[in-house]
Amino acid sequence: MHNSVLPPKQHEASQPQAGQQGGMRNPIEEEQIPFVDSDHEDDCGGDGRPTAAINSSSQASYDDDTMTESQEDLARAYIHRNTGSTLAERRMQEKLTVSIDTKTYESNLVEEAKDEPTELKSIDERSRGLRRNSISLPSLNVNELDALRLEQEEFTIPVILTEDASSTSSLSEGTTVTPVTPVTPGKVKPMLHFNDESSSDEEDRRQTKYLFRTKRRTSIAPLPALRLNDKEMMSNDFDTHSVMSNQASITSVNSLASLLKEKMQNVPAIIRKKKRETKDYKLRVFVGMLFLIIVFLVGYAYVMYNQKLLNKSYFENIKFHKKTRDFRLLDGKGADLLTGVLGTGFSIEQPYNCLPENLKTDGSVCYEWTSKARLYMNLAKSPGPEIKCYSFQWETLQDGLQPTDCFDIAEERGYWYGGGMTKVAEYVLGKESFPASPFVTGDKNVNQWGNALKRYFLNSRGVAIQVDEKTPLYVSINSYSGRRLCLHGRNDKFAFVNNQTAFPQLKYTVCSGPDMKSLHNGLMQKSLWDGLTEKDNDVIKSLLREPIWQIPASKQEDLTETAIYNYTDSIIALGYLRLGHVLVNEFWQRNIGDFRLDSDRFPSLDETVNILHRRGFRVSFTIQPFISTESSNFQEAVSKKLLIYERESERSIPALTRYKSTTSAGVLDVTNNATIPWLAEKLKTISETVEIDSYFVDFGTAFNIPRYYQCAQTLVNPDEYKNYFMERFEGTLSIFGVSSAVSVPRPPAFLSLPPMNSSWEGLKSIIPTMLSYGITGFPFIMPGPVGGDFVLPTQKLKHMYSYYSLDLPPLPDKELYIRWLQLATFLPVLRFTHLPSEYRDDAVTSIAKELAEIRLRVLPLLERFSSVAMDEGLPIIRPLWMLDSTDVNCFPIVDEFSIGDGMIVAPVLGQGETVREVYLPQGVWKDGIDESLRKGSRWIHNYHVPQNKVAYFTKMPDNTRF
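Calculation notes
Residues numbered from 1 in each chain as written. Predicted model: local features only at pLDDT ≥ 70, side-chain atom pairs only at ≥ 80, totals over all residues. Heavy atoms only, no water. Pairing = 2+ DSSP bridges. Helix = DSSP H or I, 4+ residues; strand = E, 2+ residues; numbered from the N terminus. Contact = heavy atoms within 4.5 Å. Axes fitted to C-alpha atoms, helices over the stretch in contact; angles between N-to-C directions. Phe/Tyr/Trp six-rings, centres within 6.5 Å; stacked < 30°, edge-to-face > 60°. Lys NZ or Arg CZ within 6 Å of the ring centre and 35° of its normal. Core = buried A, V, L, I, M, F, W, Y, C linked by side-chain atoms within 4.5 Å. Buried < 20%, exposed > 50% of the residue type's maximum accessible area, 1.4 Å probe, protein only. Arc of directions from axis to C-beta. Disulfide = S-S within 2.5 Å. Parallel < 35°, antiparallel > 145°, perpendicular 65-115°, else oblique. Nonpolar A, V, L, I, M, F, W, Y, C, P; charged D, E, K, R; others polar.

(A) Spatial organisation of the sheet that holds strand β29 (residues 750–752). Taken in spatial order, the eight strands line up as β30-β29-β28-β26-β21-β20-β19-β31 in an open sheet, and their pairing is parallel. A strand with exactly one partner marks an edge of an open sheet, and here the two such strands are β30 (781–782) and β31 (831–832). Bridge count between strand β28 (residues 735–738) and β29: two bridges; the pairing is parallel. In the strand pairing of β29, V738 is matched with L751. Contacts from helix α13 (residues 534–545) reach β19 (548–550), β20 (581–584), β21 (618–623), β28 and β29 within the one sheet, and its direction differs from that of β29 by about 45 degrees. Lying over the sheet, helix α14 (residues 561–574) contacts β19, β20 and β31, oriented at roughly 140 degrees with respect to β19.

Pasting the structure below:
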């Protein structure tokens, strides 16, 4: 029986003799050494077939049909390996078993080399290397095996293997050999028989399921790592029976592979299943998260792509979102200079490109919000190579829509200046808030804006906005959507009643430059010398060098020829102030608009004026375009249609208004070509009677124009009246001052500050007003008289139409007068109503004399920078940031100013104060009080300023050493 057992490779060699079933047995020529990691069940070749390892000496001792225990175990392992193993298990066993042969197993070594591309070792080297790592394990003895067979007698059967000629060849191909298991007595040991009877794989597995020894004690030690051909393998690399139960394993006594499998089999299947489920759960979570991330990224990319299409760049530095209408002006580095929202009065919707017939020929970009409005954007003419300007224009297409563009004015967006003085005397815009108000001149004690305006707003980050003169402009600050400066295009029934278009429009220009100072210098009106005569230049110098003496008179009876004579005598008696211009207010007439002297109060004014001229005074009269209804000229003006008429009255009904103390008056229509010669003739008659040197024109404000006005030529707004007047009388009258303006008056005319309340609050408002007017483009400014123009009773504010209805103030408080005089000493024009001698105080006189000496030292600076103002349009009185536009400390300062860039003045403006904070920009400065040198770019804290002193600092050369 044992002669039929052949090694797998010998089956192949014996195929030619397959027909002789009982033929001669081939000698066994090779030795198969079990791999160190395998049990006897793994004693197979590389192709999965059993390796009997039978030599010739052992064959003679097995002539009978009985087997030893080793043969029994080998047979059982053979049956299990070829009947119960899956393809994956066989492949894994092939990895764990090394077949060593020279000829017969050569093909198996080739297959093994394919799976594991490592260098094959010789038989001796591999045998020695593998056997050194083998581990011998204890096995069950014969008695224990007999006890096991007795317990499972009904299931234990001998196994007889049969094979035919074809089966021998199939073994080499790796096919399964089916055993035939006849029932035998339990005492008889099974023998190996080979026949060609077979049963199904399922039946074989069931029969061999219980052919095991008792379960080996489970070890809790971790599985070792094995090495095959110098390659390390972890336990999970050769675990091929993890899904089998412990009872289904066939192990050998000396097999390490059996031990490794049992270590894995001892783990409960449910735990291992949970582990697999956990891994599946984590994978599902990962895939889900990855899917959500992909969806988010795709959606985000889609949104950003559409935003990029909408948020388009225009002219390199303009970013405009067509749907939300968000606006951004960028600098050269891509940082925001100006941000805001355009068209805030419209609903948010997608615009469309304008139709060809609505496009402009200048290349403007045009968008239309259907049946609502159109927006035109284009490049504008720039005043310099470093300045870029862009134009924006809204055209509404239906009634009720008001184009509104708002820009952020929060402190992080820089400081905003310009426009004009507001009701709260704001120099830096944005600190206060007020609703949309018409941008026209007014009395800032009653109306929102002061007596001088310009449609120009400047930002400390180097951005400026200039609004077109024909735009019906309303302005609001911090009243819509947070801290914003909003420009509104809005028609109304007074300021912008003469609609320039069917529906409101808003047109403006935005310019940007390298810094605020460079931008401001580039946008200012350059030369003011055009048409200036030598006489005009003399008037400018005389106003700088000599004071203006305003005759104090709040009523007609207060202004007489004697009052003028006595006042000039008091001026001469001072002895330390120069003689200058004697200003006579409008009460030189009996009625406003008579344009002739009141003979009762001025019987011989011509002689008095001659005396004043001989003493060195210049005489100036105040004129105005108003004619009282009580004047004899009113009837003549009505008959000749020289007045402004009521709207829709076909110029038959004159429009009336209130002016100063006159409760009813008409206004000359300077747009009428017949009005200018008429007024010029009246003034010429006065000059023939009295030698008048110059005139001060009191225009009033826009609110002094009749509410329902109509002129011969349509005005854009009431303030345009001033421009017409100055243009028409430019070469006819010598005008040295105006009370109100919306454009730079032609020199030598100075713009007068609005009348100031005789109080500490009035004193504090002078510097912000001077700075604001200087920034907006008025270089020559004339302050009011020292001590104030009037005393304002706050309880009557709501009922006051004009400040002129109030009397002149009595003699101001001494301390207030001294501090006011100290400030006025450094301003371009020194103006008096109350003389220092009226206090009859030696201290006041001493201070006035000292200030007169300081004035002489200031005059060269005033004259020098007045020439600069004529050339470049820059103001004489400047904010500190014009000395250093990069010093952020200079931006908010409102209680200091500079004369050009040569002197800084820091007066005391609070009652009872003798200490203040002073900031000096970069450079070296000489203290005017103690003549010490001080370094700039720093604060001087607790700077002591006595009542008889004023703080001022003269700029020294940069190379000055301490």
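(B) Structural detail: the sheet that holds strand β33 (residues 897–899). What the six strands build is an open sheet, ordered β32-β33-β34-β39-β36-β37; its pairing is antiparallel. The open sheet terminates on both sides in strands that have one partner only, identified here as β32 (877–878) and β37 (933–935). Note: strand β34 (residues 903–906) against strand β39 (residues 951–956), four bridges, orientation antiparallel. When the sheet's bridge partners are listed, A906 is paired in β39 with A951. Contacts from helix α22 (residues 842–872) reach β32, β33, β34 and β39, with the element oriented near 80 degrees to β33.

(C) Looking closely at the packing of aromatic side chains. Counted by the stated rule, this structure contains 28 aromatic pairs. A network of ring pairs unites the aromatic residues F327, F392, F407 and Y508 as a single cluster. Against the face of Y376 rests K360, its NZ or CZ located 4.4 Å from the ring centre. Here the guanidinium or amino end of R490 rests over the ring plane of Y474, the centre of that ring lying 4.8 Å away.

(D) Geometry of the environment of L401. With respect to the helices and strands, L401 occurs in the loop between β10 (388–396) and β11 (404–408). A C-alpha to C-alpha distance of 7.7 Å links L401 and F346, two positions 55 residues apart in sequence. Discounting residues that sit within four places of it in the chain, L401 has contacts with F346, K372, T396 and P504.

(E) Representation of the nonpolar core in the model. Counting residues in each nonpolar core, the largest one holds 171 residues, and the members touching the most others are F621, F826, F832, W881, F897 and I899. Tallying contributions element by element places α22 first for this core, with 13 residues. The residues contacting F826, other than those within four sequence positions of it, are I854, R855, V858, L862, I877, F897, I899, M903, V905, V950 and Y952. Y314, L338, L342 and I477 belong to the second-largest nonpolar core, a separate cluster that totals 38 residues.

(F) Broad picture of helix α16 (residues 632–639). Those residues of α16 that fall on the buried side of the exposure criterion are N633, F634 and A637. Viewed end-on, α16 has its buried residues packed into an arc of 110 degrees, placing them on one side of the element. Exposed residues lying more than 90 degrees from the buried face of α16 are Q635 and S639. Each element contacted by the buried residues of α16 is listed here: β22 (626–628), β23 (645–646), β24 (656–659), β25 (662–667) and α17 (675–689).

(G) Region of interest: the side chain of T701. In this structure, T701 sits in the loop between β26 (694–697) and β27 (709–710). Beyond its immediate sequence surroundings of up to four residues, T701 is in contact with T441, G442, D443 and K722.

(H) Spotlight on the state of the cysteines. Under the counting rule described, the total for this entry stands at three disulfides. At a sulfur-sulfur separation of 2.0 Å, the disulfide partner of C389 is C511. Looking down the S-S bond of the C389 and C511 bridge, the torsion is 110 degrees, so its handedness is right-handed. In this pair, C389 is assigned in strand β10 and C511 in strand β18 (residues 505–512), connecting sequence segments 122 residues apart.

(I) Summary view of helix α15 (residues 605–615). Within the span of α15, buried status applies to L605, T608, V609 and L612. The buried residues of α15 occupy one face: seen down the axis, they fall within an arc of 100 degrees. Relative to its buried face, α15 has exposed residues pointing more than 90 degrees away, namely E607 and R614. G616 sits one or two positions beyond α15 and adopts a positive phi of about 110 degrees.

(J) Geometry of the packing of α14 against α15. Remark: α14 packs on α15, axes separated minimally by 10 Å, with the N-to-C direction vectors making an angle of 10 degrees. What the angle tells us is that α14 and α15 run roughly parallel. Facing α14, whose interface residues are E561, I564, Y565, T568, D569 and I572, α15 presents L605, T608, I611, L612 and R615. Residues of the contact of α14 with α15, tallied by class, amount to six nonpolar, two polar and three charged.

(K) Structural context of unusual backbone geometry. In this structure, P748 follows P747 across a cis peptide bond, with omega equal to 15 degrees. Within the secondary structure layout, P748 lies in the loop between β28 and β29. Of note, the phi angle at R840 is positive, near 50 degrees, even though the residue is not glycine. Along the chain, R840 falls in the loop between β31 and α22. You can call R840 exposed: its relative accessible area is 78%.

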